[in-house]
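Here is how the chains run, residue by residue.
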Amino acid sequence: MKQQLTEGKISLLLLKLTIPMIWGVLAVIGFNIVDTYFVSKLGTKELAAMSFTFPVVTLLGSVSMGLGTGAGSVISRAIGEGDRHKVKGLTTDSLILSVLTVGIFVVLGLTTIDPIFTALGAKAEILPLIREYMEIWYLGVIFIVVPMVGNSAIRAAGNTFIPSVVMILAGLVNAVLDPMLIFGIGAIPPMGLQGAALATVIGRATTLVASLFFLHYHEQMISWKLPSLKVMLRNWQNILYIGIPATGTNMITPISIAFITSLMASYGTAAVAGFGVASKVEMFSVIVPIALSASFGPFVGQNWGAKKYDRVYFALRLGFQFCLFWGIMGAIALGIGGSWVVSIFDKDPAVVEVAAKYLLIVPISYSSAGIILICSTTFNALGKPLPSVVMTITKMLFLYVPLAYLGSWLFGINGIFAAACFANLAVGIGAYLWYHKKFLQNYKFQSV
């Protein structure tokens, strides 16, 4: 366990952190695409049943990422301080907290499958299929939450390569097992949705084993001694101080997108499909800024803990410059070739038209969106979750959703897309100004 990020050329360190993260994000996206593809072969009802599970899966994913963000923030700063005992305690206690969280979710989840999914609109003929999937999925929740926290601890130590390899391995295991368990092969009977859930659980189980193995044997960040209750509760408090707000901000975006999707539905099926295709293209377009922003967590945490504020300032400046460049290049590329890219996914002219409009308008704000990501990650790494919460709430709830409804009324679909663009630009500029006011003015920086 070393302060790997407090020495050396900053640009090279950020590059070293970001490249593995790109592959890790791609693996997560591929995991979901593979599941959806094979389940779609079962039929419309099965695909609908799996679609109904997305809100619950997203909710637990938000909780996992929130706990991971909180754990990564406190652990990276402790590493920067050079306090090895504190690092082991925080890592161990964060894993215990994640197991406790799993227990609560499993009990609540298994006892509320029918009422929750009925409330979400599932019909009686779909509920048995949902139950088939979720009963297995809930039992495998430990393989989702604990590795998320464990991988965050590994990244906090300055290693983004291992977590990415672990996610790629899980994706490959899932891709191999999906067709075997869903449709059957040899002595394995076809299991349908249960097979899809089991493939996911087994794939995720590999991440649990790998992350715990690496944390214990390579980084030596786990303590097997019985922790002090007082110290453990204090560590939980510090983790949750950042983790709870981070969970909330992770949940706001999918909820807001659900409202926007319902608004797009008023323009017909082609509009919803076009919005969906454009969103998928956008997801791939912002992978690099997402990976870069995730790299700022361990970098900022370690250097802040080591009181090397100049390195944090210089890294942020580099990050903002890169986001500006990437955003401009992305806007130009999608503005020119958006229709062609969309046609790869769907050749319906009506779908292509809607998606092309989205990719002409919204990417103008990609630079600002990248700045928001970096600022949000930085404030969380510093143990200051409030700015991240404010940025997300302002962007999604105060600007995007209400302006989308107003824009739809005044300008139709173009008004919805313009609202997304304006929300990114406004909050991006605000995030940059907040960074200057709350961060730069409080410290005297020297050249790095």
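Predicted model, so just to flag it, every value in this text is computed and none were measured.

### Considering the overall build of the chain
And step 1. Within the chain, the secondary structure is distributed over 16 helices and zero strands.
And step 2. Relative to a compact globule of 448 residues, whose C-alpha radius of gyration would be 22 Å, the chain shows 22 Å and is just as compact.
And step 3. Counting only C-alpha atoms and orienting by the principal axes, one finds that the chain spans roughly 55 × 55 × 35 Å.
And step 4. When each of the 448 residues of the chain is scored for burial, the buried share is 50%.
And step 5. Residue pairs in contact within the chain that sit at least 24 positions apart in sequence constitute 81% of those at least 6 positions apart.
And step 6. Put simply, the chain shows about 20,300 Å² of open surface, and 71% of that area lies on carbon and sulfur atoms.
And step 7. Between the averaged position of the 28 positive side-chain charges in the chain and that of its 17 negative side-chain charges there is a distance of 14 Å.

### Notes on the pattern of salt bridges
And step 1. Counting across every chain of the model gives four salt bridges.
And step 2. A salt bridge links Lys308 to Glu7; the nearest nitrogen and oxygen atoms lie 2.4 Å apart. Of this pair, Lys308 sits in the loop between α11 (287-305) and α12 (309-345) while Glu7 is found in the segment before α1 (10-40), placing the two residues 301 residues apart along the sequence.
And step 3. Exposure remark for Lys308: the relative accessible area of 27% places this residue in the partly exposed category.

### A closer look at the nonpolar core
And step 1. One finds Ile260, Met264, Phe296, Phe299, Cys375, Tyr400 and Phe417 to be the most contacted residues of the largest nonpolar core, which totals 58 residues.
And step 2. It is helix α16 (residues 413-438) that provides the largest number of residues to this core, a total of nine residues.
And step 3. Phe299 has contacts with Leu5, Ile10, Leu13, Leu14, Leu17, Arg311, Val312 and Ala315, leaving out every residue within four places of it along the chain.

### So, the packing of helix α2 (residues 44-81) against helix α6 (residues 142-156)
And step 1. Interaxial distance between α2 and α6 falls to 8 Å at its minimum, and their mutual angle equals 25 degrees. In terms of orientation, α2 lies roughly parallel with respect to α6. Every pair of crossing elements has a handedness; the one defined by α2 and α6 is right-handed. The residues of α6 that touch α2, namely those facing Leu60, Ser64, Met65, Leu67, Gly68, Thr69, Ala71, Gly72, Ile75, Ser76 and Ile79, are Ile144, Val145, Met148, Val149, Ser152, Ala153 and Ala156.

### Re α6
And step 1. Counted at 1.5 Å a residue, the expected span for α6 with its 15 residues is 21 Å, and the 21 Å between its end C-alpha atoms agrees.
And step 2. The buried count for α6 comes to 12 of 15 residues, which makes it a mostly enclosed element.

### Points about unusual backbone geometry
And step 1. A positive phi is found at Lys307, a non-glycine position, where the angle reads about 60 degrees.
And step 2. The exposure class assigned to Lys307 is exposed, which follows from its relative accessible area of 60%.

### Digging into the packing of aromatic side chains
And step 1. Scanning all chains against the criterion turns up nine aromatic pairs.
And step 2. Both rings, one in Trp137 and one in Tyr138, keep their centres 5.7 Å apart while their planes meet at 70 degrees; by these two values the pair is edge-to-face. The burial state of Trp137 is the same as that of Tyr138; both residues are buried.
And step 3. Aromatic side chains Phe320 and Tyr432 sit 5.4 Å apart centroid to centroid with 70 degrees between the ring planes, which places their arrangement in the edge-to-face category. Residue Phe320 is found in helix α12, and its partner Tyr432 is found in helix α16; the two are separated by 112 residues along the sequence.
And step 4. A relative accessible area of 8% means that Phe320 is categorised as buried.
And step 5. By relative accessible area, which is 35% here, Tyr432 ends up partly exposed.
And step 6. Cluster of aromatic residues (ring-pair linked, three or more members): Phe275, Tyr358 and Phe417.

Definitions and cut-offs
Residues numbered from 1 in each chain as written. Predicted model: local features only at pLDDT ≥ 70, side-chain atom pairs only at ≥ 80, totals over all residues. Heavy atoms only, no water. Helix = DSSP H or I, 4+ residues; strand = E, 2+ residues; numbered from the N terminus. Rg over C-alpha atoms; globule rule 2.2 N^0.38 Å. Buried < 20%, exposed > 50% of the residue type's maximum accessible area, 1.4 Å probe, protein only. Contact = heavy atoms within 4.5 Å. Areas by Shrake-Rupley, 256 points an atom, 1.4 Å probe, with all protein chains shown as cover. Lys, Arg positive; Asp, Glu negative; His and termini not counted. Charge placed at Lys NZ, Arg CZ, Asp CG, Glu CD. Salt bridge = Lys/Arg side-chain N within 4 Å of Asp/Glu carboxyl O. Core = buried A, V, L, I, M, F, W, Y, C linked by side-chain atoms within 4.5 Å. Axes fitted to C-alpha atoms, helices over the stretch in contact; angles between N-to-C directions. Parallel < 35°, antiparallel > 145°, perpendicular 65-115°, else oblique. Left-handed = near helix turned anticlockwise from the far one by under 90°. Expected span 1.5 Å × (residues − 1). Phe/Tyr/Trp six-rings, centres within 6.5 Å; stacked < 30°, edge-to-face > 60°.

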